[in-house]
Protein chains: 4
Amino acid sequence: MAVDRERLLQLLERPRYHQFLGLKLEKAEEGLVQIRLPFREDFLADEADSYVHGGVIAALIDVAGDFALITTHGRGLPTVDLRVDYLRPARKEDLVATATVVKNGRTLGIADIRVENPDGKTVAIGRGLYSTATG
Amino acid sequence: MAVDRERLLQLLERPRYHQFLGLKLEKAEEGLVQIRLPFREDFLADEADSYVHGGVIAALIDVAGDFALITTHGRGLPTVDLRVDYLRPARKEDLVATATVVKNGRTLGIADIRVENPDGKTVAIGRGLYSTATG
Amino acid sequence: MAVDRERLLQLLERPRYHQFLGLKLEKAEEGLVQIRLPFREDFLADEADSYVHGGVIAALIDVAGDFALITTHGRGLPTVDLRVDYLRPARKEDLVATATVVKNGRTLGIADIRVENPDGKTVAIGRGLYSTATG
Amino acid sequence: MAVDRERLLQLLERPRYHQFLGLKLEKAEEGLVQIRLPFREDFLADEADSYVHGGVIAALIDVAGDFALITTHGRGLPTVDLRVDYLRPARKEDLVATATVVKNGRTLGIADIRVENPDGKTVAIGRGLYSTATG
């Protein structure tokens, strides 16, 4: 990786909203990361408190895609656009996002992201476009 | 509207994650809502604490699109997919999402969402597909 | 407009695939175009020859979004990504796409596109991201 | 597969627009297809006749995703929405789309599609949502 693990952890753990999410780095190598979202009651979406909010999952996807590219760029990259497909509800359980770099261009990068529940079922998939341009 | 304002407020204010976001209903009529996201330090995205996290904006977009359809359906609708385009950073400021229904079918509905900052500049736009099927 | 109508027509009518589509410029002003797709049997999608192929509609959307930005840039811009939502089938009828510029940045532009049938019903909507960078 | 190869070929080769595209079925198994788009001058996008039109690639992606689901459904499925990311220009060369089923639900299915050039480079990736509901 073009960035050491300590710097990745700093980028992941320092931002205020990441602290709310409680994100944990499970794995990081060139072009690939796994990030865990430990379950919190504050993530619940509905009156019956039965499933995790789609906005929380979108955030996990956005962050994971960004970090897949950060492994080669060593700094946070602005999200240009983001697409999320929700496949099944996430219950009161941890979620793990796996993100891989699909394109790493001079001005734009693309990452694909899959979010799984503890049973290994896919909860959501996402695709993010990030600005890799400097300055 | 097919749903009274009291019920809308209940659906908006009761979920745990909506409470974290602190969402306020600014306007609601048939097929159109405006929802305010009052600024909170917990939304910040970066080490320098300078802008709001894209995942928070995605959540605002998801909720606003859902509520545009809720004005005719009277109940929360599952998000099928969501697309967000980020146009400019959101600073330490309130954001307002305006969502309008584009399609309201028997099984699927589409809403378009625009998020603006206090200067009236567009921060992000989104398009959400929601399941309107019953049962 | 930063480009004259003659140049727009040249850009629209010269490419081989545009010739197959038979695209007609209905309207062009700064940041807005209307392009007509006259019906052709070759566009049909199904065994029963009853509706226009989604790929033809995606092409119309792509071209219209590009031309909305061409009104200010005066040259064809590469499409970065494209999203199309299909609302209802298009029958054996002309379609008209109206495209408007949503963002016109230094490196990226966004256009929103709506495709209507002769009854004024929306057949599809699209959103395209285009590279506006020079060189 | 829930459908025999002969029926797949019929569904692929009969529609008028598929005939224009000249699509060839390279491979078909449960949940996976490969479809070839043999190069034609009519696909060219630009004044210099140098690359294939993004709308043609979008059509190839749409068809391939549909056919991945057709391997289990045995009939054409309406496209609900489609997203295409363009990675590099396609030159005067054949393109091959590989599509795999990501979700196959009672009302909706998702397919992921990758389009490669003869060098094995990815030209575009797509994700399509299709209606699997009957009646």
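Residues numbered from 1 in each chain as written. Chains lettered and ligands numbered in written order. Predicted model: local features only at pLDDT ≥ 70, side-chain atom pairs only at ≥ 80, totals over all residues.

J.: Would you take a moment to explain the relation of the copies chain D and chain A for this structure?
T.: The operation relating the pair of chain copies consists of a rotation about an axis and a translation along that axis. Between chain D and chain A, which share one sequence, the superposing operator has a rotation angle of 180° and an axial displacement of 0.0 Å; the RMSD is 0.0 Å. The symmetry that links the two subunits is that of a two-fold axis. Minimal C-alpha distance to the rotation axis in chain D is attained by Arg83(D), lying at 4.4 Å. Both copies contact each other with a shared surface, as 100% of the interface residues of chain D are interface residues in chain A too. (Least-squares fit on C-alpha atoms with pLDDT ≥ 70 in both. Contact = placed C-beta atoms within 7 Å.)

J.: Would you explain the environment of Arg83(B) in this entry?
T.: Residue placement: Arg83(B) occurs in strand 3 (residues 79-86). Between the alpha carbons of Arg83(B) and Ile61(B) there is a distance of 9.2 Å; along the sequence they are 22 residues apart. Excluding residues within four positions of it along the chain, Arg83(B) makes contact with Asp81(A), Arg83(A), Gly126(B), Arg127(B) and Arg83(C). (Helix = DSSP H or I, 4+ residues; strand = E, 2+ residues; numbered from the N terminus.)

J.: How do you make sense of the nonpolar core when you look at a structure like this?
T.: Inside soluble globular proteins, nonpolar side chains tend to come together where they are buried. Grouped together as the largest cluster of nonpolar side chains are 192 residues, with contacts concentrated most on Leu60(A), Leu60(B), Leu60(C) and Leu60(D). Setting aside residues no more than four positions away along its own chain, Leu60(A) makes contact with Ile35(A), Leu37(A), Leu95(A), Ala97(A) and Val115(A). (Core = buried A, V, L, I, M, F, W, Y, C linked by C-beta atoms within 7 Å. Buried ≥ 20, exposed ≤ 12 C-beta atoms within 10 Å, placed from the backbone.)

J.: Just checking my understanding: could you explain the interface of chain D and chain C for this structure?
T.: Accessible area lost on assembly of the parts is the figure often given for the size of an interface. Taken together, the contact pairs 30 residues of chain D with 30 residues of chain C. At eight residues, the largest contribution of residues to the side of chain D that touches chain C is made by strand 3 (residues 79-86) of chain D. Looking at the side of chain D that touches chain C residue by residue, the classes come out as 14 nonpolar, five polar and eleven charged. (Nonpolar A, V, L, I, M, F, W, Y, C, P; charged D, E, K, R; others polar.)

J.: Got a minute to help me understand the interface of chain D and chain A in this structure?
T.: Counting from both sides, the interface comprises eight residues of chain D and, opposite them, eight residues of chain A. Only strand 3, strand 4 (95-104) and strand 6 (122-131) of chain D provide two or more residues apiece to the side of chain D that touches chain A. Tallied by class, the residues present in the side of chain D that touches chain A amount to four nonpolar, no polar and four charged.

J.: Can you walk me through the pairing of strand 1 (residues 24-29) of chain C in this structure?
T.: Along any regular strand, the residues point their side chains to alternate faces of the sheet. Residues and elements named next belong to chain C. As judged from the five bridges shared by strand 1 and strand 2 (residues 32-37), these two strands associate in the antiparallel manner. Looking at strand 2, one finds that Glu 29 is bridged to Leu 32. Counting the residues that bridge the hairpin from strand 1 to strand 2 gives two residues, and of these Gly 31 lies at a positive phi of roughly 80°. (Pairing = 2+ DSSP bridges.)

J.: So what exactly am I meant to see when it comes to the confidence of the model for chain A here?
T.: Interpreting fine coordinate detail is not advised for predicted regions of low pLDDT. Confidence along chain A averages 96 in pLDDT terms, with 99% of residues attaining 70 or more. Interface confidence for the predicted complex, expressed as ipTM, amounts to 0.96; the pTM equals 0.97. (pLDDT = per-residue confidence, 0-100.)

J.: Explain helix 3 (residues 54-73) of chain C to me, please; I cannot follow it from the model alone.
T.: Every α-helix carries 3.6 residues per turn, so stepping three or four residues along brings you back to the same face. All names here are of chain C. For helix 3, built from 20 residues, the straight-helix expectation of 28 Å at 1.5 Å per residue is met to within 8% by its first-to-last C-alpha distance of 28 Å. Buried residues dominate helix 3, accounting for 18 of its 20 residues. One or two residues past the end of helix 3 sits Gly 74, with phi positive at roughly 75°. (Expected span 1.5 Å × (residues − 1).)

J.: Could you clarify how one ought to interpret the sheet that holds strand 2 (residues 32-37) of chain D in this entry?
T.: Strands belonging to one sheet form pairs held by backbone hydrogen bonds; the direction of such a pair is parallel or antiparallel. Strands sit in the order 1(C)-2(C)-4(C)-5(C)-6(C)-3(C)-3(D)-6(D)-5(D)-4(D)-2(D)-1(D) across an open sheet of twelve strands; the sheet is antiparallel. The strands lining the two open edges of the sheet, one partner per strand, are strand 1 of chain C together with strand 1 (24-29) of chain D. Between one strand axis and the next, the sheet turns through 15° on average, direction left out of account. Packing against the sheet, helix 3 (residues 54-73) of chain D makes contact with strand 3 (79-86) of chain C together with strand 1, strand 2, strand 3, strand 4, strand 5 (108-116) and strand 6 of chain D, and its axis sits at approximately 45° to strand 4 of chain D. (Axes fitted to C-alpha atoms, helices over the stretch in contact; angles between N-to-C directions.)

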